[in-house]
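Chain and residue survey
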Amino acid sequence: MKLLKLTLNNFRTFYGQQVLDLRVDDDKPAILIFGTNGAGKTTLLNAFTWALYGAYSHDVEQQQRVIHDRAWTDAPFGTPVSASVKLEFEHEGTVFSVLREVAVVKDSSEQSLVSARLVVTEIRHGESVKVENGQDRIEKILPEGLRRFFFFNGERMEKMFTDNENNSEVKQAIKTLLGLESIERAIADHLPAAVKRLGRDISKEGGGRLKALHDEKESLEKKQMAAHDEALKLSSDISSYQAEVDAAERALRANSETAPMQKERQEIGKRIDLELQKLQERQNRKRDLISKSGFLAFTGGIDETVIALAEGMRRRRELPAGIQRDFIDALLDEGVCMCGTPVSVGTPAYDELEKRRYNAGLADVESRWMYVSGQVKHLCDERHNLSEQLKEVTQDIQEIESAITRLDEQKSEIDRKLEGVDILDVQRLERRRKEFDDKRIDALAAHRRKQEEIAEIDKSIETVKRRFHSAEVQDEASRRVQRQIRLVNEVLDSFRKILELKTDEVRRQLDAKIKEVFSRIFFKTYTPELTDGFELLLKQSDAGDAIRSTGENQVLGLSFVGAVSEVAKQMHDRKAKGDKESLTEGGIYPVVMDAPFGSLDLTYQGKVSGALPRLTSQIVTLLSQSQSRGKVMENLQGAATRLYVLRAVTPNRDAAEETIEINHRAVPYVVHGEFEHTVLEEVAI
């Protein structure tokens, strides 16, 4: 996706028609737009998202005022008045024009919220064709869930990764961007729906057993879905409680009197978390031992009895001894040797065969005896090993629980001391921290129980599926449905494995790229980490999670956006080159950002300004004059194809007119005029 042109017509602060040429050179990917506070930088950023999705960011006030105030005021009652934004861009060789327009007949002095009209056209070989279901087409090119990555305010970027709900949205958006969402939809919707449709075709007469199993599985899946919903709600609650705890702890850390105790409590909290993790591992180990080998505990005494019985049978030669002895017994019973010689009792021939019968199969008997005794002794050894392993893991569990108890006591003592500090704010904060921490712990326990419940339901579903696949069916129609459902379930299992592998592959690629981008900007020995849950953390060497400032969160967010853009482009390029193993689409996307430096200091402003042009193949950056001096201006201007100024026009004669220096030339920045509006002016580089 390459942005070509943005045309504004009476859109909010922009009066009349204003045109922004967005084409860039390959070696100069930046468009720079300078504007003072209130000139319309945020409005311009929102013009892109309003054109594409009909939506503003949450910080835009009075969203019903789409039409410029002067255009609205000048229009007589009963006459039409309108505002529009047209965005032209190229995607996969096709030029698209997206026009979103509000057109009303003025019947009031105040604007009200009205629906906008959307017209999407595509241009191929000079011919313009209207696209039916234009919004769907836009969604396929750049889904709305992804706009947070490509159209954003840098000052608010840190909120992208501040809680579990946002992490889930980020994870889902990445799956959409990189083409994994289609696999997920097949797993969650399409294939299960196919199984349900097939299940309706099972004959009640010939396939009654299948029908019952199918109904049982559907009932379990409903329970599974309800349990997943409850787990998600608990996860959201945990995130909310954790945010409250973190806020209280930050406030407590700011208080010098409680800082040492707060730091000590944090360290104890980390140690408790590690011990809890170890406890969970040991409990899982114990559960696995009992699940896989617990039956051995009930074999005590059986092995000795089996050995005694087998020993007696061996001495009596009652253990099976092979076909040779059976063959001689048959000759003696028939009274005729295989060579035709009569074999009667008392004859030399009979005595010879009787002698051979006695010795026949002894080696086989001994062999079988050794096998039986060996197996029984092995059973005894396994039982002993199980006992030792259970003793060891039980001892570990007891020691870990004791350690947790000691640490809890230390933490409780610190909590008591903090409650006793004679500072009202600290006492209030401590009570609030404790209240939400207790809620968080309760929610974690409930979430853990819910996950265990889900695991049990999953096992039950798998058991029912196996019984369904192996059930004997009378009529051919039901057998055919049984085979079809088995095939769909096999495809479903394969898709799950593919999604798991591809999601992890994408996560590892993003993690590596985030580290690379972050290291180019950040000078501290911090390392970003994208977890399995797509949570973006910042690690401090030998000290666990770093306490992140707003500026550090912003650098982290920029690193993430750059990584997402680059990985998406790499995947798109592989797909374009015919990589048959590439299941993901990827894409090439522009970045439009307001206030790229937020609250960064001068050092980081310089580093970020050097990194911005490398984030993607096209970047539109909106800056204030205070953010465009010295090294910042040098870095950005060297990567810019075009420069624009948002000239703010004000009727307030008391306000001083201002200029901004670009290329050693003073360009009007704030000027006096008849009414409030903004003019978009291109400045020669």
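Use the structure listed above.
To start, this report covers the structure provided alongside it. All figures in this text were calculated on a predicted structure; none of them were measured in a lab.

**Some remarks on the overall build of the chain**
Within the chain, the regular secondary structure consists of 17 helices and 17 strands. Here the chain holds 685 residues, and the buried ones make up 44% of them. In the chain, of all internal contacts separated by at least 6 residues, the share reaching a separation of at least 24 is 69%.

**Thoughts on helix 17 (residues 630-638)**
Inspection of helix 17 places V632, M633, L636 and Q637 among the buried residues, and these make up the whole buried set. Considered in projection along helix 17, the buried side chains sweep an arc of 110 degrees and stay on one side of the axis. Facing away from the buried side of helix 17, by more than 90 degrees, are the exposed residues G630 and E634. The elements touched by buried residues of helix 17 are strand 3 (30-35), helix 16 (602-611), strand 13 (619-623), strand 14 (640-650) and strand 15 (658-662).

**Quick notes on the pattern of salt bridges**
On inspection of all chains with the given rule, the structure shows 38 salt bridges. For R137, the salt bridge is made with E122, and the minimal N-O distance between the two is 3.1 Å. Within this pair, whereas R137 is found in helix 3 (residues 134-141), its partner E122 is found in strand 6 (residues 117-124), the two being separated by 15 residues in sequence. Under the relative-accessibility criterion, E122 is labelled buried at 14%. For E516, the salt bridge is made with K513, and the minimal N-O distance between the two is 3.1 Å. Placement of the pair is E516 and K513 together in helix 14 (residues 476-521), with a separation of three residues, close to one helical turn. Overall, the relative accessible area of 36% leaves E516 in the partly exposed class. The buried category is assigned to K513, whose relative accessible area is 10%. A single network of salt bridges, built from pairs that share partners, joins R265, K411, E430, R433, D437 and R440.

**Section: a positive patch on the surface**
Residues K196, R197, R200 and K222 make up a contiguous surface patch of positive charge. With respect to the secondary-structure elements, K222 resides in helix 7 (residues 208-253).

**Here we look at the packing of aromatic side chains**
In this structure the tally under the stated criterion is seven aromatic pairs. Here the aromatic rings of F11 and W50 are separated by 5.3 Å at their centres, their planes lie at 35 degrees, and the arrangement is tilted. Within this pair, whereas F11 is found in the loop between strand 1 (2-9) and strand 2 (17-21), its partner W50 is found in helix 1 (residues 41-53), the two being separated by 39 residues in sequence. Look at Y15 and F675: their rings are 4.9 Å apart centre to centre, the planes differ by 75 degrees, and that puts the pair in the edge-to-face class. A residue pair is termed long-range when its members are at least 10 positions apart, and Y15 in the loop between strand 1 and strand 2 and F675 in the loop between strand 16 (665-672) and strand 17 (677-683) qualify at 660 residues. Among the aromatic residues, those joined into a cluster by ring pairs are F11, W50 and Y56. Over the aromatic face of F77 sits the side chain of K106, whose NZ or CZ is 4.9 Å from the ring centroid.

**Side note on the side chain of T121**
Turning to its location among the elements, T121 is positioned in strand 6. According to the relative accessible area criterion, T121 is buried, its value standing at 15%. Ignoring sequence-local partners within four residues, the contact set of T121 consists of V95, F96, S97, S128, V129, K130 and V131.

**Concerning the environment of L612**
Tracing the sequence through the fold places L612 in the loop between helix 16 and strand 13. Each C-alpha atom, one on L612 and one on S559, is 9.6 Å from the other, the two residues being 53 residues apart in sequence. Each residue touching L612, except ones within four places of it in the same chain, is listed here: L558, M593, P596, F597, I619 and L636.

**Details of the sheet that holds strand 6**
Spatially, six strands are ordered 2-1-4-5-6-7 in an open sheet, and the strand pairing comes out antiparallel. Pairing within the sheet leaves two strands with one partner each, and these edge strands are strand 2 and strand 7 (127-130). Each strand axis lies, on average, 20 degrees off the axis of its neighbour in the sheet, ignoring direction. With respect to the sheet, helix 3 is in contact with strand 4 (80-91), strand 5 (94-105) and strand 6, its orientation differing from that of strand 6 by roughly 65 degrees.

**Brief notes about helix 1**
Between the first and last C-alpha of helix 1 there are 19 Å, a value that for 13 residues agrees with the 18 Å anticipated at 1.5 Å per step. With 12 of 13 residues buried, helix 1 lies mostly within the body of the structure. Taken together, the buried positions of helix 1 are occupied by K41, T43, L44, L45, N46, A47, F48, T49, W50, A51, L52 and Y53. Of the residues flanking the end of helix 1, it is G54, one or two places downstream, whose phi is positive at about 70 degrees.

**Points about the side chain of T678**
Mapped onto the secondary structure, T678 falls in strand 17. Assessed through its relative accessible area of 1%, T678 is described here as buried. A distance of 2.5 Å separates the side chain of T678 from the backbone oxygen of A39, its partner in a polar contact. If we skip the residues at most four places from it in the chain, T678 touches T13, F14, Y15, Q18, A39, L646 and R647.

Here is what the cut-offs are and how they apply
Each chain carries its own residue numbering, running from 1 in the written order of its sequence. Thresholds applied to this predicted model are a pLDDT of at least 70 for local features of residues and 80 or more for the giving and counting of side-chain atom pairs; totals over whole chains, interfaces and linings are not thresholded and use all residues. Note that water and hydrogens are dropped before the side-chain values are worked out from all heavy atoms of the structure. Where helices and strands are cited, they refer to DSSP runs of H or I of at least four residues and of E of at least two residues respectively, numbered from the N terminus. Accessibility here uses a 1.4 Å probe with only protein chains present; expressed as a share of the type maximum, an area under 20% marks a residue as buried, one over 50% as exposed, and anything in between as partly exposed. Here, residues are in contact when the closest pair of their heavy atoms is within 4.5 Å. It is the directions from the helix axis to the C-beta atoms whose arc is reported. Salt bridge, as applied in this entry: a Lys or Arg side-chain nitrogen positioned within 4 Å of an Asp or Glu carboxyl oxygen. Only residues whose relative accessible area exceeds 30% and that take part in no salt bridge are eligible for patches, with like-charged residues grouped when within 9 Å of each other and nonpolar side chains (Val, Leu, Ile, Met, Phe, Trp, Tyr) grouped when within 5 Å. Per-residue and other accessible areas were derived by the Shrake-Rupley procedure at a 1.4 Å probe size, with only the shown protein chains allowed to occlude residues. We treat Lys and Arg as the positive residues and Asp and Glu as the negative residues; His and chain ends play no part in the count. By convention, the point assigned to a charge is CZ for Arg, NZ for Lys, CD for Glu and CG for Asp. Side-chain rings of Phe, Tyr and Trp (the six-membered ring for Trp) are treated as a pair once their centres are within 6.5 Å; stacked means planes under 30 degrees apart, edge-to-face means over 60, and tilted covers the remaining angles. A ring is scored as having a charge over it whenever the NZ atom of a lysine or the CZ atom of an arginine sits within 6 Å of its centre and within 35 degrees of its normal. Whether two strands pair depends on DSSP finding at least two bridges between them. For helices, the axis comes from a line fit to the C-alpha atoms of the stretch in contact; other axes are also lines fit to C-alpha atoms, and the angle between any two N-to-C directions lies between 0 and 180 degrees. To estimate how far a helix should extend, the number of its residues minus one is multiplied by 1.5 Å. For this analysis, a polar contact is any N or O atom pair within 3.5 Å, provided that within protein one partner can donate a hydrogen and the other can accept it, and provided that sequence-adjacent residues contribute only side-chain to side-chain pairs.

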